[in-house]
Amino acid sequence: MPLPAEAVTVLGNILGNRISLSRSDLDLHGRSEAWFPPTPPEAVVYPETTEEVAAIVRACAAHGCPLTAWGAGSSLEGHALAVKGGISVDFTRMNRVLKVNPGDMDAVVQPGVTREALNVELRATGLFFPVDPGANATLGGMASTRASGTTAVRYGTMRENVLGLQVVLADGRVIRTGTRARKSAAGYDLTGLFVGAEGTLGLMTELTVKLYGQPEAISAAVCAFDAIGPAVETVIQTIQSGIPMARIEFVDAATAAAVNAYAGASFPEKPHLMVEFHGSTAGVAEQAQGFGEIVADNGGSGFAWSSLPEERNALWTMRHNAYYACLASRPGATALVTDICVPISRLAEAVEETRADIAASHVPGPILGHVGDGNFHAILLVDPRNAVELAEARRLAHQMVERALRLGGTISGEHGIGMGKLGHMAAAHGEAWEVMGEIKRALDPAGLMNPGKMLRQG
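If you're wondering where the values come from, they're calculated on a predicted model, not measured in any experiment.

*Asks:* Looking at this model, I keep getting lost on the side chain of Thr200. Mind explaining?
*Replies:* Relative to the elements of secondary structure, Thr200 occurs in the loop between helix 8 (190-194) and strand 10 (202-210). Setting aside its immediate chain neighbours within four residues, Thr200 contacts Lys440, Asp444, Met449, Asn450, Lys453 and Leu455.

*Asks:* Would you take a moment to explain the state of the cysteines for this structure?
*Replies:* The term disulfide refers to a covalent linkage connecting the sulfur atoms of a pair of cysteines. Here the structure, examined in full by the defined rule, presents zero disulfides. As a non-bridged cysteine, Cys223 has Cys326 as the owner of its nearest cysteine sulfur, 19 Å distant. Not engaged in a disulfide, the cysteine Cys341 finds its nearest cysteine sulfur in Cys326; these two sulfurs lie 20 Å apart. By relative accessible area, Cys341 is classed as buried at 17%.

*Asks:* Would you mind showing me how to read unusual backbone geometry here?
*Replies:* For residues other than glycine, phi is negative in most cases, and the peptide bonds are mostly trans. Notably, Arg146 is not glycine yet its phi reads approximately 55°, a positive angle. Judged by relative accessible area, Arg146 falls into the partly exposed class, the value being 36%. The phi angle at Met454 is positive, at roughly 65°, despite the residue not being glycine. Mapped onto the elements of the fold, Met454 is located in the segment after helix 17 (431-443).

*Asks:* Please explain the pattern of salt bridges as it appears in this structure.
*Replies:* Should the charged atoms of two oppositely charged side chains come close, the side chains can pair. In this structure the tally under the stated criterion is 27 salt bridges. The salt bridge partner of Arg18 is Glu52, with a shortest N-O separation of 2.7 Å. Of this pair, Arg18 sits in the loop between helix 1 (5-15) and strand 1 (19-20) while Glu52 sits in helix 3 (residues 50-63), and the two are 34 residues apart along the sequence. Since its relative accessible area comes to 14%, Glu52 is described here as buried. With a shortest N-O distance of 3.0 Å, Glu349 and Arg346 are connected by a salt bridge. Using a relative accessible area of 29% as the deciding quantity, one classes Glu349 as partly exposed.

*Asks:* Any chance you could explain the packing of helix 9 (residues 228-240) against helix 14 (residues 347-359) here in plain terms?
*Replies:* In a pair of packed helices, the angle between the axes and the distance between the axes together describe the arrangement. At a minimum axis distance of 9 Å, the contact between helix 9 and helix 14 shows a crossing angle of 155°. Looking at the two axes, helix 9 sits roughly antiparallel to helix 14. At the point where helix 9 passes helix 14, the crossing takes the right-handed sense. When helix 9 is examined against helix 14, the residues Ile228, Gly229, Val232, Val235 and Ile236 are found in contact with a partner set consisting of Leu347, Ala348, Val351, Glu352 and Arg355.

*Asks:* Mind showing me how you'd approach the pairing of strand 9 (residues 174-178) here?
*Replies:* Walk down a regular strand and you will see the side chains alternate between the two sheet faces. In this sheet, strand 9 lies alongside strand 8 (residues 162-169) in antiparallel orientation, the contact comprising five bridges. Note that in strand 9 the partner of Leu165 across the bridge is Thr177. What sits between strand 8 and strand 9 in their antiparallel hairpin is a turn of four residues, with Gly172 showing a positive phi close to 95°.

So, how was this worked out
Within each chain, residues carry numbers counting from 1 in the order of the written sequence. Whole-chain, interface and lining totals are the exception, using all residues; otherwise, since this is a predicted model, local features are given only for residues with pLDDT of at least 70 and side-chain atom pairs are given and counted only at 80 or more. Note that the side-chain values use all heavy atoms of the structure and ignore hydrogens as well as water. Numbering of helices and strands runs from the N terminus; a helix is a DSSP stretch of H or I covering at least four residues, while a strand is a stretch of E covering at least two. Contacts were defined at the residue level, with two residues in contact if any of their heavy atoms lie within 4.5 Å. Two cysteine sulfur atoms form a disulfide, by the criterion used here, when they sit within 2.5 Å. A 1.4 Å probe rolled over the protein chains alone gives each residue an accessible area, and that area as a share of the maximum for its type sets the label: buried under 20%, exposed over 50%, partly exposed in between. Salt bridge, as applied in this entry: a Lys or Arg side-chain nitrogen positioned within 4 Å of an Asp or Glu carboxyl oxygen. The axes are straight lines fitted to the C-alpha atoms, using for helices just the contacting stretch, and the angles between their N-to-C directions are given from 0 to 180°. Note on terminology: angles under 35 degrees are roughly parallel, angles over 145 are roughly antiparallel, angles of 65 to 115 are roughly perpendicular, and the others are oblique. Each crossing gets its handedness from the near helix: less than a right angle anticlockwise from the far helix is left-handed, clockwise is right-handed. If DSSP finds at least two bridges between two strands, the strands pair.

Nothing here speaks to function; it is all geometry.
Put into structure tokens, the structure is as follows:
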């Protein structure tokens, strides 16, 4: 249904020139980081306050206009695409750090604040926000997808690090969930309900997040293995030995080769582990030594560790650029990026079976991941004009999902559902998926909040 002219007039009265119908804006908000075709909205709005968001929602509710939140546009399952038309609500102008409470180690932020911007703001406090999905995503987007990333093995995901929210519901009501207290036994956990809801239940306009003290010392290490199995076994043994890693990342040989070509690096074209330790100077040295012994026992080579910030930053910059390095390894390709998460004891089995499936396929697919919590990704590189390749990539992704469920895991550890994994929700949740739909209908009976994502349609 075309966007009603009356709705455009009402939104223009609320926002002035902060509503856009220009083709360039619509196209920008119709793109994603992955394989989905362009899906532009019918209008883009740029609110600056909670009151404006509430007014936008009320106007859209009155005219039956769908709403889809937009942060940095870095999600990988099509979460921010307006697949049912309507309005894209761009939160990039709601980008203020509202309050930092150093004594309580928390901060109140607007949803458009990026994780890097928050940490710049915190530099003088001795605190930092640890959740690092790789992309410089917004905090609102990260909470909506229940993001995690490289540091989740030590600091947890967004689920553990969001204390409270301000949310605009589908009827325009503004509610607060949670408090700045570190625990509560007072009623339903509404914060947990909205974190990970992918904007299908309401629009976040404020977040209260946990902060952590900057560690006294940080060291990072990298090592190579001749095969995937010993590398993953090293991860499992490190976790089971109780070494408190801040990050532990895996890249396969194909990813190492792509990073070399993209960044001028010189990694051996083998599977690698990258690990980081936080703590006291003596503590991180002891942790690195213990990790090195496990690496040696599993046949790892080239083990080297450093506490120099420039060397550590270079290592993690290369890891964060691995996705773009993999894309560049096949010019003109797009990626179907999929992730699963399994119990740590089944990780080696999951990774090796996935690698074997991809090796037997005509679609290349480097593997990497935050293996410290059993989570890994396949970057399935396809020609966007080749329907056969896309079908094969989807088949491989389906096999990964089935494998995760068979091994007691989940169909997504951090990317979320969006559109890309919608078809797997019944197998993953059974009757519980119907309960999610009942919650959706209770809070958004008209189905205007990010329709076409996560939940059964119709």
